[in-house]
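Observations on the three-dimensional arrangement
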Amino acid sequence: MRRLLALILLAGCAAPEVRKPEAPVKLTYSSERPGGSGDDPVECPRDLTGRSVKTRRVRAIHGDPEKPGTAAWFIAKDPWLAWQRGRELCQREFSAADGVFGESGKLDGKSLRDGVTKMMSRDHASSCIACHNTPWRDLGAGTTIAKNAGSGRNTPHVFGGGILEMLALETRAKLLAIADANGDGWISKEEAKGKRAILRNLATIDYGSFDDANGDGKPDLDSICYVWYVDAQGKRIPWAKSLKEAGVAGYDFEVQVFGHGQRDRLSHGGIAGTLRAFTANAFDIHSGMQACDPTMNDEPAGDGHARVSLCGAQQFYTGATRDRGLRRDARGVSLDDPDRDGVLEEITEGDLDLAEFYQLNLPRPAELRRTPRRERGRETFGRIGCASCHVPDWRIDRDRRFFDLEVAKNPKGELAGKLRRTTPGGPVEVRGIYSDLRHHDLGEAFHEVQFDGSVIRRFRTSPLWGAGSTAPYGHDGASLSLDDVIRRHGGEALEARRAYEAMGEEDRGAVLDFLSGLVLYSLETLPCDVDGDGEISEHFIVAGRDTGRETFNPEWLFRVPGEVEGWVTAPDGSRVFSRALRNVEEAYGCRLPWIVDRDRDGFPDILERRR
């Protein structure tokens, strides 16, 4: 009977009336496919590729490293499983039961320059990878959506996102140190006088002036620096919009490197400066799932600084979420429910811990083999001035990642990886980012007339790593080829564009060949030396079973490694190699006390017992 009822429900037909049990079990619909060839597909949907999300949606608890199953425990004790669980959050197709699409179609988001017009419509993607889909499932580049303007915004990739966040936070700290003479953590009007914001990394980059030389009441910093104003005690003044306002003694700022670069100094926010803020905002505006996150919502000193995340990233008030958790039930779950869809705390602090950890450690893009032609293109790219904005290389003083992945062409001519464990806290040079992390005016062809009629003229220098895989180009996705987007450059890049156009066909072709060699790749299918023995095995043994070719699969690196089924007989009688796991519950820690959800309400059962 139970199987018959399930079949009827899956078919979308009306089920026969049955007596309601005294303790009803919640029926939820989800897209997880944890099953293998031996599972009944009605009871346990299966995927023999092993690539589907395998675990039911259970909200993660922030917790601490001594509580098994909390986000803190996963990150400290089983980092590869923490990484995979964060990855699943970005791959998962959320359902109505999870709180997706609470305000679908509503015009929302931050207001544009007129203070009224909203920047976009809400709730159009039930999964992050619905838009970040090139390559599939790895937070790559993707679709162009209507955001800020009818001309659209193109979805950027997140490969190497942790590197960009670390550069943003270190850039902020170094710039602050130049002007903050007394070391109190903010810049007074007196301290700012006559000081330039020049950063010396592997290249020297000019971020403008700390002072207000033009008298408009705002520091003359590059707009990548998002400013807020403070009083004489360094406390943030929420309503202040200028150095000239009464009570303003100075300012503080963050460096916001994600997104294409719209600013909204009329209110607060702009583009996210941290992965955590970027993720929480995306869940809310794109999927209608609000996060309740004390890490970003708490501003302990009232100075614009929120808390430091489990991943070690300083957060700022600009990332504060709509769900503030001002009212809570006996479990400690927020009752605020900003979109009033009846689903509470749709994204938790622990969820953001894991999603942040995944993106912090998301590998960087790759570069194809440096042939003489590509080397010629690289040299020409620098010679004609492109590298003055597309700065190739940076140094990070304190690497917070727990692994790095070197990806290059192997002797067989295919992209392959080599896993390297990093030493947290050590310095690292990162080659091939190709951005100065500044905003530039590239002329009318890049100007964006927003929905309210205001015009955005300055956009972030797009990092070129991965450019060979991420067409179409430009913040609006309006250029269909690399040649098109280069020829579209004007404004501050006019001379470089003219030099490109004046070159012979061979030189232009070399530049395009060089850029086309900066690529993304599919992590799940990437041949990779994960055990550090210097070779990629054709018969990689994990948990005593032959998994086939050695690939970058985090399941092999869990505390309890995944155990694949191996060769099985498919329903059509053919032999198929199944990468479905025989031990999903054990490998994924589904029975750990702080993640177990037997009543299937989406929250760990331990919260019920703590009432």
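A few points on the structure. (Residues numbered from 1 in each chain as written. Predicted model: local features only at pLDDT ≥ 70, side-chain atom pairs only at ≥ 80, totals over all residues. Heavy atoms only, no water.)

Brief notes about the overall build of the chain
- The helix and strand inventory of the chain stands at 14 helices and 28 strands.
- For 611 residues, the compact-globule formula gives about 25 Å, and the C-alpha radius of gyration of the chain, at 25 Å, lands near that figure.
- For the chain, the spread of C-alpha atoms along the three principal axes comes to 75 × 60 × 45 Å.
- Looking at the chain as a whole, 56% of its 611 residues qualify as buried.
- Across the chain, every contact between residues at least 6 apart in sequence was considered, and the portion connecting residues at least 24 apart equals 63%.
- Carbon and sulfur atoms make up 52% of the accessible area of the chain, which amounts to about 25900 Å² in all.
- Counting 86 positive and 96 negative side-chain charges, the chain places the averaged centre of each group 0 Å from the other. (Helix = DSSP H or I, 4+ residues; strand = E, 2+ residues; numbered from the N terminus. Rg over C-alpha atoms; globule rule 2.2 N^0.38 Å. Buried < 20%, exposed > 50% of the residue type's maximum accessible area, 1.4 Å probe, protein only. Contact = heavy atoms within 4.5 Å. Areas by Shrake-Rupley, 256 points an atom, 1.4 Å probe, with all protein chains shown as cover. Lys, Arg positive; Asp, Glu negative; His and termini not counted. Charge placed at Lys NZ, Arg CZ, Asp CG, Glu CD.)

Points about unusual backbone geometry
- The amide bond that connects Thr 134 to the next residue, Pro 135, takes the cis arrangement and shows omega of 0 degrees.
- Along the chain, the position of Pro 135 falls in the loop between strand E3 (132–134) and strand E4 (141–142).
- Going from Ala 471 to Pro 472, the amide bond is cis rather than trans, its omega being 0 degrees.
- Position of Pro 472 among the secondary structure elements: in the loop between strand E22 (458–460) and helix H10 (482–488).

A short note on the packing of helix H9 (residues 372–383) against helix H12 (residues 505–516)
- Contact geometry of H9 with H12 gives a least axis separation of 7 Å together with a crossing angle of 100 degrees. With respect to their mutual orientation, H9 and H12 come out roughly perpendicular. Residues Arg 373, Arg 374, Arg 376, Gly 377, Arg 378, Thr 380, Phe 381 and Arg 383 of H9 form the contact with H12, whose own contacting residues are Glu 506, Asp 507, Gly 509, Ala 510, Val 511, Asp 513, Phe 514 and Leu 515.
- Along the lines of polarity and charge, the residues of the contact of H9 with H12 split into five nonpolar, three polar and eight charged. (Axes fitted to C-alpha atoms, helices over the stretch in contact; angles between N-to-C directions. Parallel < 35°, antiparallel > 145°, perpendicular 65-115°, else oblique. Nonpolar A, V, L, I, M, F, W, Y, C, P; charged D, E, K, R; others polar.)

Some thoughts on the pairing of strand E28 (residues 575–581)
- By the bridge criterion, five bridges tie strand E27 (residues 564–569) to E28 in an arrangement that is antiparallel. By the bridge assignment, Val 564 is partnered in E28 with Leu 581.
- Linking E27 to E28, which pair antiparallel, is a turn of five residues; within it Gly 573 sits at a positive phi near 90 degrees. (Pairing = 2+ DSSP bridges.)

Points about the environment of Ser 209
- Within the fold, Ser 209 resides in strand E9 (residues 204–209).
- In this structure the C-alpha to C-alpha distance between Ser 209 and Lys 193, which are 16 residues apart in sequence, comes to 8.8 Å.
- At a separation of 3.3 Å, a polar atom in the side chain of Ser 209 contacts the main-chain carbonyl oxygen of Lys 195. (Polar contact = N/O pair within 3.5 Å; in protein donor to acceptor, adjacent residues only side chain to side chain.)

A closer look at the pairing of strand E2 (residues 118–121)
- Alignment of strand E1 (residues 107–111) against E2, held across three bridges, turns out to be antiparallel. From the neighbouring strand, Ser 111 faces E2, where its bridge partner is Lys 118.
- Counting the residues in the hairpin turn of E1 and E2 gives six residues, including Gly 115, whose phi is positive at 80 degrees.

Section: the environment of Ala 272
- Inspection of the secondary structure puts Ala 272 in the loop between strand E11 (250–255) and helix H6 (275–287).
- Exposure remark for Ala 272: the relative accessible area of 17% places this residue in the buried category.
- In sequence terms Ala 272 and Gly 259 are 13 residues apart; their C-alpha atoms lie 7.5 Å from each other.
- Not counting residues up to four positions away in its chain, the partners in contact with Ala 272 are Gln 256, Val 257, Phe 258, Ala 277 and Phe 278.

Overview of the packing of aromatic side chains
- Summed over all chains, the structure comprises 21 aromatic pairs.
- Relative to Tyr 317, the ring of Trp 228 lies with its centre 5.3 Å away and its plane at 85 degrees, an arrangement referred to as edge-to-face. Here Tyr 317 lies in the loop between strand E13 (314–316) and helix H8 (349–360) and Trp 228 lies in strand E10 (residues 225–230), a separation of 89 residues in the sequence. Tyr 317 carries the same exposure label as Trp 228, and that label is buried.
- Seen in terms of ring centroids, Phe 357 and Phe 402 are 5.3 Å apart; in terms of plane orientation they differ by 10 degrees. Their pairing is stacked. One end of the pair, Phe 357, is in helix H8; the other, Phe 402, is in the loop between strand E15 (394–396) and strand E16 (403–409), and 45 residues separate them in sequence.
- Since its relative accessible area comes to 7%, Phe 357 is described here as buried.
- Taken together, Trp 80, Trp 83, Phe 357, Tyr 358, Phe 402, Phe 403 and Phe 552 form an aromatic cluster joined through their ring pairs.
- Positioned above the aromatic ring of Phe 446, the side-chain terminus of Arg 488 is 4.2 Å from the ring centre. (Phe/Tyr/Trp six-rings, centres within 6.5 Å; stacked < 30°, edge-to-face > 60°. Lys NZ or Arg CZ within 6 Å of the ring centre and 35° of its normal.)

Notes on helix H3 (residues 79–91)
- The end-to-end C-alpha separation of H3 is 18 Å, in line with the 18 Å expected for 13 residues at 1.5 Å each.
- A large share of H3 lies buried, amounting to 12 of its 13 residues.
- Of all the positions in H3, only Trp 80, Leu 81, Ala 82, Trp 83, Gln 84, Arg 85, Gly 86, Arg 87, Glu 88, Leu 89, Cys 90 and Gln 91 are classed as buried.
- Elements that come into contact with the buried residues of H3 comprise helix H2 (71–77), H6, H8, E16, strand E17 (415–421) and helix H13 (584–587). (Expected span 1.5 Å × (residues − 1).)

So, the sheet that holds strand E24 (residues 528–529)
- With mixed pairing, three strands are arranged side by side in an open sheet as E16-E17-E24. Because the sheet does not close on itself, it has two edges, and the strands there are E16 and E24.
- As paired strands, E16 and E17 are joined by seven bridges and run antiparallel to one another. The residue of E17 that forms the bridge with Glu 406 is Lys 418.

Thoughts on the sheet that holds E10
- With respect to topology, three strands assemble into an open sheet ordered E7-E11-E10, the strand pairing being antiparallel. The sheet terminates laterally at strand E7 (187–188) and E10, the two strands that pair on one side only.
- Here E7 runs beside E11; their pairing, made up of two bridges, is antiparallel. Bridging across to E11, Ile 187 finds its partner in Tyr 251.
- Against the sheet, helix H4 (residues 161–179) contacts E7, E10 and E11, and its axis sits at roughly 155 degrees relative to E11.

Observations regarding the pattern of salt bridges
- Counted according to the given criterion, the structure contains 64 salt bridges.
- Glu 555 is the partner of Lys 54 in a salt bridge, and the nearest nitrogen-oxygen pair spans 2.9 Å. You can see Lys 54 sitting in the loop between helix H1 (2–10) and H2 and its partner Glu 555 sitting in the loop between strand E26 (545–546) and E27, a full 501 residues away along the chain. Glu 555 carries the same exposure label as Lys 54, and that label is buried.
- Salt-bridge contacts for Glu 586 lead to Arg 591; the nearest nitrogen and oxygen are separated by 3.1 Å.
- A relative accessible area of 38% places Glu 586 in the partly exposed class.
- Overall, Arg 591 belongs to the exposed group, its relative accessible area being 55%.
- Residues joined in a network through salt bridges with shared partners are Glu 103, Lys 106, Asp 108, Arg 122, Asp 123, Asp 284 and Arg 322. (Salt bridge = Lys/Arg side-chain N within 4 Å of Asp/Glu carboxyl O.)

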